[in-house]
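# Observations on chain architecture
Spelled out from the first residue to the last, the chains are:
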Amino acid sequence: MLKIKKSLLHQTFAKLSQIKVLVIGDLILDEYLIGSVERISPEAPVPVVWVRSEKQTLGGSGNVVQNLSSIGVRGIVFGRIGEDKAGENLESILLSNSVAKEDLALLKSKQIPTILKTRIIASHQQVCRVDREEIVPLTNDEEKQILERLKEKIKEASAVILSDYDKGYLTPSLIQAVISLCNVEKKIVTVDPQVSHFFLYKNIHIMTPNHHEAGKALGKKLSSDSEIELACREISEKITPDAMMITRGEKGMSIYERTSNRFYHIPTVAKEVFDVTGAGDTVITTYTAFVASGMNIGEAALVSNVSAGIVVGKLGAATVTQSEIEEALRTLGYLEESI
């Protein structure tokens, strides 16, 4: 059974505040309209939601940044927003999440609006979601601008996360150029993938798809441990990562350490699943930050699994804190007290 020494955990916590993680991907503004339903509309057979509060938070790759901030890690952010009110709000929220102004590399578009997803919640139930987005790939000139800025900022980063929501920012050519630059600069690259780009993420540290995404990429259903192991090996042969992680919902997660030909199957620790929104963001964020701060693959995977178990018990794209991680590790018997 995997365990983490308390002394190592505290050493890692101390290092988290000393590193920066560079996040590249699709920024989304999540909006929540929260209220109650007391009647059905006379205009159509739909509930009338009486909105009592509203909030906006970071979604997409922004939720990765939010997760970094929550565990005490500073982020460097590359993404695209529109020249609109939603973009202004998104930038403001990024700045409030421990991102310095000089660490914001935002491509601001006059033509492409900021992606805005509005969720209407009544009595803890999502009534509907309204999406406002235009999915348009970056131009060659935009990619060149991004890469020039990336060459400047990557030297400050301990690791790079590619957070791909398939909204046009991470184009095939940009993905390959970013990974190539990271390898030259000897920076670990972790990827939360999209199926459409699945086998483009070659020569990275780790990829973290869920079992549906991995199965779709391979054209097969993945359920048993043996099917997952075979899938990890098959994917690894194509993209040669250091490790491969497949998250498995109620079955937890599986990690294949390619360099040592070793598997870890870690059971889920979620007591109650309230909302799975953003759980994948929490997994890749905590894994990357803890590996960049000195933990090995198995230890960082254990932390990421525990962290995901915490956030699915919260509403929306939630985050986790250092104290919550330590308490969960202790409660679950994963924390080995120092002698």
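Each remark here, short or long, concerns the structure printed above.
Residues numbered from 1 in each chain as written. Predicted model: local features only at pLDDT ≥ 70, side-chain atom pairs only at ≥ 80, totals over all residues. Heavy atoms only, no water.

## Notes on the overall build of the protein chain
- A tally of helices and strands in the protein chain yields ten helices and 15 strands.
- For the protein chain, the C-alpha radius of gyration of 20 Å lies close to 20 Å, the compact-globule estimate for 339 residues.
- Projected onto its principal axes, the C-alpha positions of the protein chain cover 65 × 45 × 40 Å.
- Every one of the 339 residues in the protein chain was classed for burial, and the buried ones make up 54%.
- The contacts in the protein chain between residues at least 6 apart in sequence include a share of 70% that link residues at least 24 apart.
- Accessible surface for the protein chain amounts to roughly 15100 Å². Of this, 50% is attributable to carbon and sulfur atoms.
- Computed over 39 positive and 43 negative side-chain charges, the separation of the two mean positions in the protein chain equals 3 Å. (Helix = DSSP H or I, 4+ residues; strand = E, 2+ residues; numbered from the N terminus. Rg over C-alpha atoms; globule rule 2.2 N^0.38 Å. Buried < 20%, exposed > 50% of the residue type's maximum accessible area, 1.4 Å probe, protein only. Contact = heavy atoms within 4.5 Å. Areas by Shrake-Rupley, 256 points an atom, 1.4 Å probe, with all protein chains shown as cover. Lys, Arg positive; Asp, Glu negative; His and termini not counted. Charge placed at Lys NZ, Arg CZ, Asp CG, Glu CD.)

## Observations concerning the pairing of strand 6 (residues 104-109)
- For strand 6, the buried fraction is high: five of the six residues fall into the buried class.
- Viewed along the sheet, the connection from strand 5 (residues 74-82) through helix 3 (residues 85-95) into strand 6 turns out right-handed. (Right-handed = clockwise from strand over helix to strand, strands pointing away.)

## Remarks on the sheet that holds strand 7 (residues 115-122)
- Read across the sheet, four strands follow the order 4-3-7-8 without closing on themselves; strand pairing throughout is mixed. The sheet is open, and its two edges are formed by strand 4 (47-60) and strand 8 (125-132), each paired on a single side. The sheet shows a mean angle of 20 degrees between the axes of neighbouring strands, taken without regard to direction.
- Looking at chain direction, strand 3 (residues 27-40) and strand 4 are connected through 13 bridges and run antiparallel. Bridging from a neighbouring strand, Y32 pairs with K55 of strand 4.
- Packed on one face of the sheet, helix 2 (residues 61-70) meets strand 3 and strand 4 and runs near 75 degrees to strand 4.
- Packing of helix 3 onto the sheet brings it into contact with strand 3 and strand 4, and relative to strand 3 it is tilted by some 105 degrees. (Pairing = 2+ DSSP bridges. Axes fitted to C-alpha atoms, helices over the stretch in contact; angles between N-to-C directions.)

## Digging into the environment of G333
- Relative to the assigned elements, G333 resides in the loop between helix 10 (322-331) and strand 15 (335-336).
- Expressed as a C-alpha distance, the spacing of G333 and M1, which sit 332 residues apart in the sequence, is 9.9 Å.

## Some remarks on the environment of L147
- For L147, the location among the structural elements is in helix 4 (residues 140-153).
- Taking relative accessible area as the criterion, L147 reaches 19% and is therefore assigned buried.
- Taking the C-alpha atoms as reference points, L147 and L174, 27 residues apart in sequence, are found 8.1 Å from one another.

## Overview of helix 8 (residues 279-292)
- For helix 8, which comprises 14 residues, the first-to-last C-alpha distance of 20 Å matches the rise-based estimate of 20 Å (1.5 Å per residue) to within 8%.
- Helix 8 sits mainly inside the fold: twelve of its 14 residues count as buried.
- All of the buried residues in helix 8 are A279, D281, T282, V283, I284, T285, T286, Y287, T288, A289, F290 and V291.
- Where helix 8 ends, the next residue or the one after it, G294, has phi of about 120 degrees, a positive value. (Expected span 1.5 Å × (residues − 1).)

## So, the pattern of salt bridges
- Tallied over the full model, the rule gives 22 salt bridges.
- Between K117 and E133 there is a salt bridge, with the nearest N and O atoms lying 3.4 Å from each other. Residue K117 is located in strand 7, and its partner E133 is located in the loop between strand 8 and helix 4; the two are separated by 16 residues in the primary sequence.
- On the basis of relative accessible area, E133 is assigned to the partly exposed category, the value being 25%.
- Among the salt bridges present, the one from E152 reaches R149, with a minimum N-O distance of 4.0 Å. On the criterion of helical spacing, the pair formed by E152 and R149 is a turn pair, its members being three residues apart in helix 4.
- Using a relative accessible area of 52% as the deciding quantity, one classes E152 as exposed.
- By relative accessible area, R149 is classed as partly exposed at 27%.
- Each of the salt bridges in this network shares a partner with another, and the network as a whole consists of K6, E326, E327, R330 and E337. (Salt bridge = Lys/Arg side-chain N within 4 Å of Asp/Glu carboxyl O.)

## Side note on helix 4
- Under the 1.5 Å per step criterion, the end-to-end length of helix 4 is 20 Å for 14 residues, consistent within 8% with the ideal 20 Å.
- Next to the buried residues of helix 4 lie strand 2 (20-25), strand 5, strand 6 and helix 5 (172-184).

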